[in-house]
Amino acid sequence: MLREIVLNGRKLTYELTRKQVKNINLRLHTDCSIHVSAPPRTAVASIERFMQENADRILDAMEKVGKREALRQQKELFEDGGTVFYLGAPYRLRVFEGTRNEVRLGSGELLLTVKDPSDPILRKKTVEKWLSARSKEQITELCHSIYPYFQARGIPFPLLRFRFMKSRWGSCNTAKGILTFHNRLAEKPVECIAYVVAHEFTHFLHADHSKRFYGELEKMMPDWKIRKKLLNE
Ligand SMILES: [Zn+2]
């Protein structure tokens, strides 16, 4: 249920969900919407009193999330002077007008040439096309270097696919022998890309995320947790 509340003089809406939970829980989504879950019998007055008591914390968090989201959107505009990450390192983006759409890597700079520098979609598409090609190169190489470990276990070399994925970095279709990877993995440090490759390959041994799966992954890549954390920063 969507409700309204005034916190420190600001009128806000929040989504109230009744759940079998012990306490009142507050969550903020990336679009700054507030989600509250509360036990079935807790009165709305108690919930809102709890929100009033935490008003500063809620508003601070909203500001932080809003700023982070604005920064993320800004980054996706690929404007001249902005930052693009390649293999975990920041590069200053320079945008030029030219007869072709292409990207070149300079020292500390990514040189983007497009037919129309004022077109944000063209800029994004051109950079993403370049990142896709780099991702494909990196991942293919990493797959070949990790493969002997799996070849020894009788796993055939998988079919590699690349696409833009919504909420994951990779996936494994064990039945069809297909590994799919995110086209923008090349933005991440190589050790993180190697983690995604190792993770997906390990699914050929264990399809789920069981203890045995992580045991196997740990044998091959003892520091996988650090790499995973870095990947999602
Ligand atoms: Zn997995």
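Rules and cut-offs
- Residues numbered from 1 in each chain as written.
- Predicted model: local features only at pLDDT ≥ 70, side-chain atom pairs only at ≥ 80, totals over all residues.
- Heavy atoms only, no water.
- Donors = N, O, S within 2.8 Å, 3.2 Å for Na, K, Ca; no water.
- Buried < 20%, exposed > 50% of the residue type's maximum accessible area, 1.4 Å probe, protein only.
- Core = buried A, V, L, I, M, F, W, Y, C linked by side-chain atoms within 4.5 Å.
- Helix = DSSP H or I, 4+ residues; strand = E, 2+ residues; numbered from the N terminus.
- Salt bridge = Lys/Arg side-chain N within 4 Å of Asp/Glu carboxyl O.
- Pairing = 2+ DSSP bridges.
- Axes fitted to C-alpha atoms, helices over the stretch in contact; angles between N-to-C directions.
- Domains from an automatic or database assignment.
- Contact = heavy atoms within 4.5 Å.

Draft legend 1. Molecular detail of the coordination of the zinc ion. Taken together, the protein donors to the zinc ion comprise H199 (NE2), H203 (NE2) and H209 (NE2), at separations of 2.0 to 2.1 Å. Coordination of the zinc ion draws on donor residues from a single chain, spaced H-x3-H-x5-H in sequence. Pair check on accessibility: H199 and H203 agree, each one buried.

Draft legend 2. Quick peek at the nonpolar core. Within the largest apolar cluster, 24 residues are counted, with the highest numbers of intra-cluster contacts made by I139, F181, Y195, V197 and F201. The set of elements that each furnish at least two residues to this core consists of helix 3 (120–151), strand 11 (178–182), helix 4 (190–202), helix 5 (211–220) and helix 6 (224–231). For this core, the element with the most residues is helix 4, which contributes eight residues. Among the nonpolar cores identified, the runner-up in size contains 17 residues, and L16, C32, M51 and A55 belong to it.

Draft legend 3. View of the pattern of salt bridges. In the structure shown here, the tally under the stated rule is 18 salt bridges. Between E187 and K75 there is a salt bridge whose closest N-O contact spans 3.6 Å. You can see E187 sitting in the loop between strand 11 and helix 4 and its partner K75 sitting in helix 2 (residues 55–75), a full 112 residues away along the chain. Here K75 falls in the partly exposed class, since its relative accessible area comes to 32%. A single network of salt bridges, built from pairs that share partners, joins K75, E76, K124, E128, R184 and E187.

Draft legend 4. Region of interest: the sheet that holds strand 8 (residues 109–114). Reading across the sheet, the four strands line up as 5-6-8-7 and stay open at both edges, with mixed pairing between neighbours. The open sheet has two free edges, formed respectively by strand 5 (83–86) and strand 7 (102–105), since each of these has just one partner strand. With strand direction ignored, the average angle separating the axes of adjacent strands in the sheet is 35 degrees. Taken together, the six bridges between strand 6 (residues 89–97) and strand 8 define a ladder with parallel strand orientation. What sits directly across from R94, in strand 8, is L111.

Draft legend 5. Molecular detail of the domain arrangement of the protein chain. The assigned domain composition of the protein chain is domain 1 (2–75), domain 2 (83–130) and domain 3 (133–231). Taking only C-alpha atoms, the centre of domain 1 and the centre of domain 2 are 38 Å apart.

Draft legend 6. Up close: the environment of L7. With respect to the helices and strands, L7 occurs in strand 1 (residues 2–7). You can call L7 buried: its relative accessible area is 0%. Separated by 47 residues in sequence, L7 and N54 place their C-alpha atoms 9.1 Å apart. Ignoring sequence-local partners within four residues, the contact set of L7 consists of L12, M51, Q52, A55, I58 and L59.

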